[in-house]
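# Coordinate analysis (summary)
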Amino acid sequence: MLVNEFLLLGAALFAIGVYGVIARKNAVLVLMSIEIILNSVNINLLAFALQRKGASAAAGSTFALFIIAVAAAEVGVGLAVVLLVYRNRRSISLDELSKMKG
Amino acid sequence: MVAENIFFGIIAAVMVIGALRVVTTNNVVHAALWLVAVLSGAAALYLLLAAEFVAITQVLVYVGAVMVLFIFGTMLTRAQIGRERDLNNRTWPVGVFVALLLGGTLAYVLIDAFGDDQLPKQPAIQSVQDVSDSIFGTYLIPFWALSFVLLAAMVGAIVLARRD
């Protein structure tokens, strides 16, 4: 298999995730788009790790696991923030969060 | 070789279609379900890339825990569950432009740099032992830092979300 098959799939998913982050108004959907981005990065890491031998091959899996753990932490805090915003403003539309606008 | 390519094509198609549905659908719960398809496809790709431990962790953490969090977040922040209007910004064409620009640039650079590079024919399976040697040996300090990040995130989420 070509390396590029995996790398191009990762690039496509990354671009789709970036579109979601820019275009979506609902905060939960923005967090979902961020998950797509993080997964595309993991695919790239593991595709590169497969070309390595010995100890540095396991490093790819290690970093992918680190990213999964950081993503879990990020979703936990992110959804807590979204809940708090919803409780205070009765809406999670990112367009309406303009209180800090100068 | 051929079987691998066929499986890769199926998984990649499912993932791309799922990701497109996540960012275009009008229903938040449907977006969560399509995200399950994307994340499961990623787990299958990790198996194809001979990283079995990462694939299992992906299923446990993402498809198990994170998706439950998303569903709960949807339920707690939304009066109605179902189709709704107005999930996109007015400026969504900018998003299309940025995504096409980014995807095109990345694709050009990748094809230019890696061209026809082949993956190893018979890749060595990443054993759990190798991965744990790496985590608890070379990357022990980052692992500690990550544990602290997780603890802080957990405490922070509880403090933020509780009613007082």
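Shown above is the structure to which this text applies.
So, a few notes on the structure that sits alongside this text. Counting from 1, residues in each chain are numbered in the order their sequence is written. To label them, take the chains in the order written and letter them from A, then take the ligands in the order written and number them from 1. For this predicted model, a pLDDT threshold of at least 70 governs which residues receive local features, and a threshold of 80 or more governs which side-chain atom pairs are given and counted, while totals over whole chains, interfaces and linings are taken from all residues. As a rule here, side-chain values come from all non-hydrogen atoms in the structure, and water together with hydrogens is ignored.

Across the contact, 66 residues belong to chain A and 79 residues belong to chain B. The buried area of a pairing is the accessible area, by a 1.4 Å probe, that goes missing from both parts when the two are put together, added over both. Overall, the association of chain A and chain B removes approximately 6,900 Å² of surface from exposure, summing both partners, and the carbon and sulfur fraction of that is 74%. The three residues of chain A that bury the most area against chain B are Met1, Tyr19 and Leu50 of chain A, which together make up 12% of that side's buried surface. In the sections that follow, a salt bridge refers to a side-chain nitrogen of Lys or Arg positioned within 4 Å of a carboxyl oxygen of Asp or Glu. Here chain A and chain B share zero salt bridges between them. By the criteria applied, helices consist of DSSP H or I runs no shorter than four residues and strands consist of E runs no shorter than two, each listed in order from the N terminus. Elements represented by at least two residues in the side of chain A that touches chain B include exactly helix H1 (3–23), helix H2 (27–49) and helix H3 (55–89) of chain A. Looking at which element gives the most residues to the side of chain A that touches chain B, the answer is H3 of chain A, with 26 residues. Classes in brief: Ala, Val, Leu, Ile, Met, Phe, Trp, Tyr, Cys and Pro nonpolar; Asp, Glu, Lys and Arg charged; the others, Gly included, polar. Looking at the side of chain A that touches chain B, its residues break down into 50 nonpolar, 10 polar and six charged. Residues are treated as being in contact if the distance between any of their heavy atoms lies within 4.5 Å.

This brings us to the packing of aromatic side chains. In this analysis, rings of Phe, Tyr and Trp, with Trp reduced to its six-membered ring, are considered paired at centre separations within 6.5 Å, and the interplanar angle assigns stacked below 30 degrees, edge-to-face beyond 60, and tilted for intermediate values. Per the stated rule, a full pass over the model turns up five aromatic pairs over all chains. Between the aromatic rings of Phe48 of chain A and Phe114 of chain B, the centroid separation amounts to 5.5 Å while the plane-to-plane angle is 50 degrees, which identifies the pairing as tilted. Here Phe48 of chain A is found in helix H2, whereas its partner Phe114 of chain B is found in helix H4 (residues 92–114) on a different chain. The exposure class assigned to Phe48 of chain A is partly exposed, which follows from its relative accessible area of 31%. Three or more aromatic residues link up through ring pairs in this structure, and these residues are Phe63 and Phe66 of chain A together with Tyr139 of chain B. Buried residues are those whose accessible area, probed at 1.4 Å on protein chains only, stays under 20% of the maximum for their type, while exposed residues exceed 50% and partly exposed ones sit between those limits.

Right, let's get into the nonpolar core. To form a nonpolar core, buried Ala, Val, Leu, Ile, Met, Phe, Trp, Tyr and Cys residues must be joined to one another through side-chain atoms within 4.5 Å. Membership of the largest hydrophobic core comes to 61 residues, with the highest contact counts inside it found for Phe6 and Met32 of chain A together with Met15 and Phe70 of chain B. Put simply, the parts of the chain that give this core at least two residues each are H1, H2 and H3 of chain A together with helix H1 (2–24), helix H2 (28–48), helix H3 (52–76), H4 and helix H5 (128–138) of chain B. Residue contributions to this core peak at 10 residues, all from H1 of chain A.

Its place among the elements puts Ile68 of chain A in helix H3. Ile68 of chain A sits in the buried class, given a relative accessible area of 1%. Along the primary structure Ile68 of chain A and Ile34 of chain A are separated by 34 residues, whereas in three dimensions their C-alpha atoms are 12 Å apart. Each residue touching Ile68 of chain A, except ones within four places of it in the same chain, is listed here: Asn42 of chain A together with Val54, Thr57, Gln58, Val61 and Tyr62 of chain B.

Here we take up H4 of chain B. Given the number of residues in a helix, its expected span is that number minus one, multiplied by 1.5 Å. Helix length check: H4 of chain B, at 23 residues, gives a terminal C-alpha distance of 32 Å against a target of 33 Å (1.5 Å per residue), a fit within 8%. Taken together, the buried positions of H4 of chain B are occupied by Gly95, Ala99, Gly103 and Leu110 of chain B.

What follows is about H2 of chain A. All names here are of chain A. For H2, built from 23 residues, the straight-helix expectation of 33 Å at 1.5 Å per residue is met to within 8% by its first-to-last C-alpha distance of 34 Å. Taken across its 23 residues, H2 has 17 buried, putting it largely inside the fold. One side-chain oxygen at the N-terminal end of H2 lies 2.9 Å from the backbone nitrogen of Val28; it belongs to Asn26. Distance and chemistry together define a polar contact, namely a pair of N or O atoms within 3.5 Å, with one atom able to donate a hydrogen and the other to accept it when in protein, and with adjacent residues in sequence counting only for side-chain atoms on both sides.

Residues and elements named next belong to chain B. A surface patch of nonpolar side chains, about 620 Å² in accessible area, is lined by Phe148, Leu151, Met154, Val155, Ile158 and Val159. Inspection of the secondary structure puts Met154 in helix H6 (residues 140–161). Using a relative accessible area of 52% as the deciding quantity, one classes Met154 as exposed. Each patch is built from residues that are more than 30% exposed by relative accessible area and take part in no salt bridge. Like charges join if they lie within 9 Å; nonpolar side chains (Val, Leu, Ile, Met, Phe, Trp, Tyr) join within 5 Å. The Shrake-Rupley method, run with a 1.4 Å probe sphere, supplies the accessible areas, and residue values consider only the shown protein chains as cover.

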